Amino acid sequence: MFIFTKFDKYIVCKREVKVKKLYLIGSKEFQSRNQQDFIVYYYMHMNEEEGIYGIRLEQRFIKNFREIEYAEEKGVTESREVAEALARYLIDYEVMPVALPETIDGFFDGTEE
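Numbering of residues starts from 1 in every chain and runs along the sequence as written. Per-residue local features of the predicted model are confined to residues with pLDDT of at least 70, and side-chain atom pairs are confined, for both listing and counting, to 80 or more; whole-chain, interface and lining totals are unaffected and use all residues. Hydrogens and waters are ignored; side-chain quantities use all the structure's heavy atoms.

1. Some points on the confidence of the model for the protein chain
Stage number 1. Predicted confidence across the protein chain gives a mean pLDDT of 80, with 81% of residues reaching 70 or more.
Stage number 2. Each residue carries a pLDDT value, the predictor's own confidence for that position, ranging from 0 to 100. Helix and strand assignments follow DSSP, with helices taken as H or I runs no shorter than four residues and strands as E runs no shorter than two, numbered in order from the N terminus. By mean pLDDT, the top-scoring element of the protein chain is helix α1 (residues 80–92) (93), and the lowest-scoring one is strand β1 (residues 2–7) (42).
Stage number 3. In this model, residues 1–15 is a region of pLDDT below 50 whose contacts with residues beyond four sequence positions or in other chains number 18 contacts. Two residues form a contact once any of their heavy atoms are found within 4.5 Å.

2. Observations concerning the pattern of salt bridges
Stage number 1. Salt bridges are defined by distance alone: a side-chain nitrogen of Lys or Arg within 4 Å of a carboxyl oxygen of Asp or Glu. Tallied over the entire structure, the rule returns five salt bridges.
Stage number 2. With its nearest N and O atoms 2.9 Å apart, the salt bridge here joins Glu58 to Arg56.
Stage number 3. We call a residue buried when its accessible area falls under 20% of the maximum for its residue type, exposed when it is over 50%, and partly exposed in between, using a 1.4 Å probe and counting protein chains only. Owing to a relative accessible area of 7%, Glu58 belongs among the buried residues under this scheme.
Stage number 4. What you see here is one network of salt bridges that share partners, running through Arg56, Glu58, Arg60 and Glu72.

3. A closer look at the side chain of Arg60
Stage number 1. Mapped onto the elements of the fold, Arg60 is located in strand β5 (residues 52–61).
Stage number 2. For Arg60, a relative accessible area of 19% puts it in the buried group.
Stage number 3. If we skip the residues at most four places from it in the chain, Arg60 touches Phe38, Ile39, Tyr41, Phe65, Glu67 and Ile68.

4. Some thoughts on α1
Stage number 1. In this model α1 runs 18 Å from its N-terminal to its C-terminal C-alpha over 13 residues, within 8% of the 18 Å that 1.5 Å per residue would give.
Stage number 2. Of the positions making up α1, those classed as buried are Ala83, Leu86, Ala87, Tyr89, Leu90 and Ile91.
Stage number 3. Looking at the buried residues of α1, the elements they touch are β3 (20–31), β4 (37–47), β5, β6 (68–77) and α2 (100–109).
Stage number 4. Looking one or two residues beyond α1, the residue adopting positive phi is Glu94, at roughly 50°. A helix is expected to span 1.5 Å for every residue after the first.

5. Some remarks on the side chain of Gln59
Stage number 1. Residue position: Gln59 is located in strand β5.
Stage number 2. Taking the relative accessible area as the measure of exposure, Gln59 reaches 9% and is therefore buried.
Stage number 3. When residues no more than four places from it in sequence are discounted, the contact partners of Gln59 are Phe38, Ile39, Val40, Glu67, Ile68, Glu69, Met96 and Pro97.

6. Quick notes on the environment of Glu84
Stage number 1. Along the chain, the position of Glu84 falls in helix α1.
Stage number 2. Residues Glu84 and Met44, spaced 40 residues apart in sequence, show a C-alpha to C-alpha distance of 6.8 Å.
Stage number 3. What Glu84 contacts, discounting residues up to four positions off in sequence, is Ile25 and Met44.

Structural data, given as structure tokens:
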């Protein structure tokens, strides 16, 4: 949501930021086919306004730590326990960001992919 404020000749636009808390659940180190080491961080996040939890995975290469690939699913569940269990499931099955949506579907369907 955007808030516009008018000051004489200028219009100031402020974007309302939803407060989101990010919790690191764990991380795993991997090596790609081309011998590059990288780390995947597994986060659970909570949208405080709506009281719902989501999942975020970040993949960072060790040689270039500023380069980030990530995937995020918002509004996965209203239960903190389910969100934590999902994050631990993702760690156990070594899920990469690219496979996050399908793996979450499999988790809630009760199937392993």
